[in-house]
Amino acid sequence: MGLLSIIRKIKRKEKEMRILMVGLDNSGKTTIVLKINGEDTSVISPTLGFNIKTITYQKYTLNIWDVGGQKTIRSYWRNYFEQTDGLIWVVDSSDLRRLDDCKMELDNLLKEERLSGASLLIFANKQDIKGALTPAEIAKVLNLEAMDKTRHWKIVGCSAYTGEGLLEGFDWLVQDIASRIYMLE
Amino acid sequence: MEGEADRSDASADASALRKKHLAMLERLSNRHQSRPDKPDPPPASSSSSSFESTSSFLSLFGESRRSIESRLAQCRLADPSLLKLHFDEISASIADLEKLVAESSYYLPSYEVRSSLKTISDLKQALDTLSSELIPKKKFSFKNKPARKEPTAPSLKGADAENCDSMPAAKGGSLAVAVPDSPGFRNRANEVLAKDVRGLEVGEFTLSDLESCEVRLIGCARALFVHRLRNCRVYAGPVTGSVLIEEAENCVFLLASHQIRIHNAKASDFYLRVRSRPIIEDCSGVRFAPYRLHYRGIERDLEDAGLGEEAGNWSKVDDFKWLRAAQSPNWSVLPEDERIETVDISDLSA
Ligand SMILES: Nc1nc2c(ncn2[C@@H]2O[C@H](COP(=O)(O)OP(=O)(O)OP(=O)(O)O)[C@@H](O)[C@H]2O)c(=O)[nH]1
Ligand SMILES: [Mg+2]
């Protein structure tokens, strides 16, 4: 595979993981990334394109691609699929009306060959908001049980405001990716 | 002004000098902060860039783009055995270009970000097309690709229960979860709809399917969802999270929030105080002005919501549907002589 396989090898050596973060606009992706990185979350504009954050998590280097979810730029998501080790799908658990949209976009994403090997973490975000659906309810609406049995996935409730649930989610994702990629060596 | 410190008597020299130095640093950092830059650069990992870098970004971007394009063109003439290598290299260059955009995106004007993204997308497309044209598809299938079978009917017992957080069983038995009665106004016409949410600790508040109504909302909510409003006036106190508006026509909104996203609005006026840049998508004829709402105690509520100060973002609208540098034709600043007076809703039902 030429260069690509060389890149893969380097990546493994440095214990890098490429994580793609998507979801509808307003779901809280950028807020989550900044929060997990210990940055100020008080002023965040809707993402026009994407942000890359490189953070060290445990003994791994995570390259997190936070891509904007506004309708106009959802068509760009597919530009970021290549070599994704982990996929984070963020849901605004208080936005009941758009759960249909949310399900449709997620279903489309999961049909993608290039993402078929990626571990999937679903963040049921905004749990701090009264009236938000619980992770179990979100799992039901998104019909996660019907997912391809080969997919590694988990849904975790969280709040980017309080930080609750974020570490639990990332811990699972990083462990899952590590056990697939690195333990094999 | 610094001359004074210079003339001060010798004994105080050292401390005066230090003070002067500190004052200078402070002035410098103030000046740095008040640059006519995007007001809210996400504290990106690379903090070296600044406003002036836009032009150097553009020339760098243009250069790499041209180089990639010419390499793409050369592929047709290349030795077929080296094609794969060429494609990998071009692919790596596109990835680098993408990284450049990502790293620069926080200080670049929004239309530059979007048009750069478009360019990258086009380059990738061109590469894909070319490589599927020039490299014949391999016959074997990759082992690590899981067979893609139609999802079987979901089993009823929670086989994947370990995937869920330890959460109580979902309410309601059917697939679609019974939607809880969230606070809000829905399906009304020709009414004044008023609510004082102070002390209620509301989470999200919803306004949907309203026709010719006036909405008065006193106090703070965490999130506000607005859907399908026509000929309505909406007067709302601060929202600590975000406001999401979809489908509004001939409406007037007075809103204060951390984020405001407006989709599919037509011929409507928005009087906003907002901490980040308001955005519009699929809108036309929308106009913007500063927030003009009053009720007893609103200053306190604004303060508590972190919206005590007018940051001037109401006019920094980003139109996701507009790729060019020129002003978007979809929105404008509401001329001062057409703006409404401050609206007072202290007396909710009046
Ligand atoms: N209450 C509450 N609000 C949140 C939470 N996470 C994010 N928000 C708010 O939701 C809004 C959207 O957050 P962003 O992080 O910009 O959302 P995003 O998914 O990056 O949106 P795009 O960039 O458009 O795709 C902001 O106003 C946040 O303050 C949360 O856990 N709780
Ligand atoms: Mg974002």
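Per an unreviewed UniProt entry, chain B goes by the name C-CAP/cofactor C-like domain-containing protein and belongs to Eucalyptus globulus.

Per an unreviewed UniProt entry, chain A goes by the name ADP-ribosylation factor-like protein 2 and belongs to Rhodamnia argentea. Here is the UniProt Sequence similarities (unreviewed entry) comment for chain A, exactly as written: "Belongs to the small GTPase superfamily. Arf family."

A. Structural context of the coordination of the magnesium ion (ligand 2). Residue and element names in this part refer to chain A. Donor atoms from the polypeptide that coordinate the magnesium ion (ligand 2) comprise Thr 30 (OG1) and Thr 47 (OG1), at 2.0 Å from the metal. In this pair, Thr 30 sits in helix α2 (residues 29–36) while Thr 47 sits in the loop between α2 and β2 (50–57), placing the two residues 17 residues apart along the sequence. In this pair, the class of Thr 30 matches that of Thr 47, namely buried.

B. Inspection of the site of ligand 1 at higher detail. Around ligand 1 lies a shell of 24 residues, among which Thr 31, Gly 69, Asp 128 and Ala 160 of chain A together with Arg 261 of chain B are the nearest. Surrounding ligand 1 are residues belonging to chains A and B, so the site spans chains. The separation between an oxygen atom of ligand 1 and a polar side-chain atom of Asn 125 of chain A is 3.2 Å. Within the side chain of Lys 126 of chain A, a nitrogen or oxygen atom sits 3.0 Å from an oxygen atom of ligand 1. Notes on ligand 1: free accessible area 650 Å², of which the protein chains cover 98%. Broken down by secondary-structure element, the contributors of at least two residues to the shell around ligand 1 are α2 of chain A together with β7 (239–249) and β8 (252–274) of chain B. Counting residues per element, the shell around ligand 1 draws most heavily on α2 of chain A, which supplies three residues. When its residues are assigned to classes, the shell around ligand 1 shows six nonpolar, 13 polar and five charged.

C. Main features of the sheet that holds strand β1 (residues 16–22) of chain A. Residue and element names in this part refer to chain A. Read across the sheet, six strands follow the order β2-β3-β1-β4-β5-β6 without closing on themselves; strand pairing throughout is mixed. Strands at the two margins of the open sheet, each flanked by one partner only, are β2 and β6 (153–157). Between one strand and the next, the sheet's axes are offset by a mean angle of 20°, whatever the strand orientation. Pairing between strand β4 (residues 86–92) and strand β5 (residues 119–125): seven bridges, direction parallel.

D. Molecular detail of the UniProt feature "binding site: Mg(2+)" (unreviewed entry) in chain A. In the numbering used here, UniProt assigns the "binding site: Mg(2+)" (unreviewed entry) feature to Thr 30 and Thr 47 of chain A. Their sequence span is 18 residues, while the largest C-alpha to C-alpha distance among them is just 7.6 Å; these annotated residues converge on one region. Sequence-distant contacts of Thr 30 of chain A, that is, excluding residues within four places in its chain, are made with Ile 44, Thr 47, Asn 51 and Asp 66 of chain A. Those residues in contact with Thr 47 of chain A, other than ones at most four positions away along the chain, are Thr 30, Asp 66, Gly 68 and Ile 73 of chain A together with Phe 320 of chain B. One polar contact links Thr 47 of chain A to Thr 30 of chain A, side chain to side chain, over a distance of 2.9 Å.

E. Structural context of the environment of Ser 116 of chain B. Residue and element names in this part refer to chain B. The residue Ser 116 is located in helix α5 (residues 110–134) in this model. A relative accessible area of 3% means that Ser 116 is categorised as buried. Setting aside chain neighbours within four positions, we find Ser 116 in contact with Phe 57, Phe 61 and Val 101.

F. Main features of the pairing of β8 of chain B. Residue and element names in this part refer to chain B. Across the 23 residues of β8, 20 count as buried, placing the element largely inside the fold. In terms of strand pairing, β8 meets strand β9 (residues 279–281) through three bridges, oriented parallel. Bridging across to β9, Ile 262 finds its partner in Ile 280. In the sheet, β8 pairs with strand β10 (residues 284–290) via six bridges, with the strands oriented parallel. Within β10, the residue paired with Phe 270 across the bridge is Phe 288.

G. Quick look at the environment of Ile 262 of chain B. All names here are of chain B. Among the structural elements, Ile 262 can be located in strand β8. Considered as a pair, Ile 262 and Leu 244 are 18 residues apart in the sequence and their alpha carbons are 6.2 Å apart. Leaving out residues up to four positions away in the same chain, Ile 262 has contacts with Ile 245, Phe 270, Ile 279, Ile 280, Glu 281, Cys 283 and Phe 288.

H. Fine view of the packing of helix α4 (residues 83–104) of chain B against α5 of chain B. All names here are of chain B. Orientation of α4 relative to α5, taken along the N-to-C sense of each, is 170°, at an axis distance of 10 Å. Put simply, α4 runs roughly antiparallel to α5. Taken together, the residues of α5 that come into contact with α4 (itself represented by Leu 83, Phe 87, Ile 90, Ser 91, Ile 94, Leu 97, Glu 98 and Val 101) are Ser 116, Ile 120, Leu 123, Lys 124, Leu 127, Leu 130, Ser 131 and Leu 134. Looking at the contact of α4 with α5, its residues break down into eleven nonpolar, three polar and two charged.

Cut-offs applied
- Residues numbered from 1 in each chain as written.
- Chains lettered and ligands numbered in written order.
- Predicted model: local features only at pLDDT ≥ 70, side-chain atom pairs only at ≥ 80, totals over all residues.
- Heavy atoms only, no water.
- UniProt positions renumbered as here; feature names shortened; annotations may be inferred.
- Donors = N, O, S within 2.8 Å, 3.2 Å for Na, K, Ca; no water.
- Helix = DSSP H or I, 4+ residues; strand = E, 2+ residues; numbered from the N terminus.
- Buried < 20%, exposed > 50% of the residue type's maximum accessible area, 1.4 Å probe, protein only.
- Near = heavy atom within 4 Å.
- Polar contact = N/O pair within 3.5 Å; in protein donor to acceptor, adjacent residues only side chain to side chain.
- Areas by Shrake-Rupley, 256 points an atom, 1.4 Å probe, with all protein chains shown as cover.
- Nonpolar A, V, L, I, M, F, W, Y, C, P; charged D, E, K, R; others polar.
- Pairing = 2+ DSSP bridges.
- Axes fitted to C-alpha atoms, helices over the stretch in contact; angles between N-to-C directions.
- Contact = heavy atoms within 4.5 Å.
- Parallel < 35°, antiparallel > 145°, perpendicular 65-115°, else oblique.

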